[in-house]
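Fold and contact review
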Amino acid sequence: MLIATWNVNSLKVRLPQVLDWLGKHSPDALCLQELKLEDAKFPLAEVQAAGYFAAFSGQKTYNGVAILSREPAVNVVCGIPGFEDEQRRVISADVGGVRLVCAYVPNGQSVDSDKYQYKLRWFAAFSAWLERELAAHSRLAVLGDYNIAPEDRDVHDPKAWEGQILVSGPERDALRRLIEFGFKDSFRLFEQPEKSFSWWDYRMNGFKRNLGLRIDHILLAPALAANCVSCSVDVEPRRNERPSDHAPVIAEISA
DNA sequence: ATGGCTTGAGTGTCAAGA
């Protein structure tokens, strides 16, 4: 089973690239973030024509998440239960015997902003919910844009980024808590090239110079991690014309 | 140099992303 995550930074703009990528990789499920469109404008017909079902939770202009899947997604839940939030950042569902959570973690803007406090508050609720979900679903996968680079090796210039948004201590602590629950960062189950990233700033030729961060992750419950046979970042779509600033991350689960 | 790109909104130019 192939599962993947991709922050597309506008599904309207990126739809042709998403359809192209689905055709090339045929994942069983693809989690999308930053749709930036309301549900009435979700390109369902195009996705179905490509052979996929879709569960989605969108809003105008910002945020928005979706799970595209070969088999219909069932038991779909939008948001973090019990956490009031107008921002559409989470959708979860069962696909092919796996419980998938698709998440777009808040960016945080800067460590001294209200948005950073929201990010930490949001993540605390996310984390508490995932701990319960992990107890309920042994085959649980949490895919998405975490907007957190777990370690210095996930940052092109750790000195320059020290203490900044996406790498700050409280953010990393919050992510580490998920690992303490038993989740595995599937990317680090395998030997990986040095300086592997999943996001590069549009500005200053960030991609060409590989000035990136690894902030998109596939976390797996132990039972899935034990059967994970590969995980990688697919940098190819970042070379496209009008690319998303994020690249897809893809993992393969055997059996 | 707190800039640089890209998107959506909306038709000026700004907010937000990371």
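The text that follows walks through the structure, step by step, so that each part is easy to find. No experiment lies behind these values; they were computed from the predicted model shown.

About the thresholds
- Residues numbered from 1 in each chain as written.
- Chains lettered and ligands numbered in written order.
- Predicted model: local features only at pLDDT ≥ 70, side-chain atom pairs only at ≥ 80, totals over all residues.
- Heavy atoms only, no water.
- Near = heavy atom within 4 Å.
- Polar contact = N/O pair within 3.5 Å; in protein donor to acceptor, adjacent residues only side chain to side chain.
- Nonpolar A, V, L, I, M, F, W, Y, C, P; charged D, E, K, R; others polar.
- Pairing = 2+ DSSP bridges.
- Helix = DSSP H or I, 4+ residues; strand = E, 2+ residues; numbered from the N terminus.
- Contact = heavy atoms within 4.5 Å.
- Axes fitted to C-alpha atoms, helices over the stretch in contact; angles between N-to-C directions.
- Buried < 20%, exposed > 50% of the residue type's maximum accessible area, 1.4 Å probe, protein only.
- Salt bridge = Lys/Arg side-chain N within 4 Å of Asp/Glu carboxyl O.
- Core = buried A, V, L, I, M, F, W, Y, C linked by side-chain atoms within 4.5 Å.
- Expected span 1.5 Å × (residues − 1).

**Focus on the protein's contact with DNA strand B**
- Around DNA strand B, the surrounding shell holds 23 residues, and the nearest of these are Ser10, Glu34, Asn107, Trp199 and Arg203.
- Of everything in DNA strand B that lies within 4 Å of the protein, sugar and phosphate atoms constitute 68%.
- Side-chain polar atom of Lys115 to a sugar or linking oxygen of DNA strand B: 3.3 Å apart, as the coordinates give it.
- Taken together, the residues that form the surface near DNA strand B break down as eight nonpolar, seven polar and eight charged.

**What to know about the sheet that holds strand E5 (residues 74–78)**
- The strand order across the open sheet formed by six strands is E5-E6-E7-E8-E12-E9, and the pairing between neighbours is mixed. The two strands at the open ends of the sheet, each matched to only one other strand, are E5 and strand E9 (184–185).
- Sheet topology places strand E7 (residues 98–104) next to strand E8 (residues 140–145); six bridges connect them, and they run parallel. When the bridges of E8 are listed, Tyr104 appears paired with Asp145.
- Together, strand E6 (90–95), E7 and E8 form the strand contacts of helix H3 (residues 114–136), whose direction differs from that of E7 by roughly 180°.
- Across the face of the sheet, helix H5 (residues 169–181) comes into contact with E9 and strand E12 (216–220) while running at roughly 25° to E12.

**Re the pairing of strand E1 (residues 2–7)**
- For E1, a buried count of five out of six residues is recorded, marking the element as mostly surrounded by other parts of the structure.
- Inspection of the sheet shows E1 paired to strand E14 (residues 249–253) by four bridges, in the antiparallel sense. The partner of Leu2 across the bridge, within E14, is Glu252.
- As paired elements, E1 and strand E2 (residues 29–33) share five bridges and run parallel to each other. The partner of Thr5 across the bridge, within E2, is Cys31.

**Quick word on the pattern of salt bridges**
- Counting across every chain of the model gives 12 salt bridges.
- The residue Glu151 makes a salt bridge to Arg153 at a minimum N-O spacing of 3.1 Å.
- For Glu151, a relative accessible area of 35% translates into the label partly exposed.
- A residue is classified by how much of its surface remains accessible, and Arg153, at 47% relative accessible area, is partly exposed.
- Put simply, Arg176 and Asp173 hold a salt bridge, and the shortest N to O gap is 2.8 Å. Residue Arg176 and its partner Asp173 are both found in helix H5; the two are separated by three residues, about one turn of the helix.
- The exposure class assigned to Arg176 is partly exposed, which follows from its relative accessible area of 41%.
- Three or more residues joined by partner-sharing salt bridges are found here, namely Asp154, Asp185, Arg188 and Arg214.

**Comments concerning the side chain of Asn7**
- Here Asn7 lies in strand E1.
- Separated by 3.1 Å, the side chains of Asn7 and Glu34 make a polar contact.
- Dropping the residues within four chain positions of it, Asn7 is found in contact with Gln33, Glu34, Tyr104, Asp145, Asp216, Ser244 and His246.

**Details of the nonpolar core**
- Judged by nonpolar contacts, the single largest core of 30 residues is most densely connected at Ile3, Ile67, Leu100, Ala141, Leu143, Ile218 and Leu220.
- The element best represented in this core is E7, accounting for four residues.
- Once residues lying within four places of it in the same chain are set aside, the contact partners of Ile67 are Leu30, Cys31, Phe53, Ala54, Ala55, Ile91, Ser92, Ala93, Val95, Leu100 and Cys102.
- In this structure, Ile80, Phe126, Trp129 and Leu134 belong to the second largest nonpolar core, which totals 23 residues.

**Description of H5**
- Between its terminal C-alpha atoms H5 stretches 19 Å, which fits the 18 Å expected from 13 residues at 1.5 Å a residue.
- Elements that come into contact with the buried residues of H5 comprise H3 and E12.

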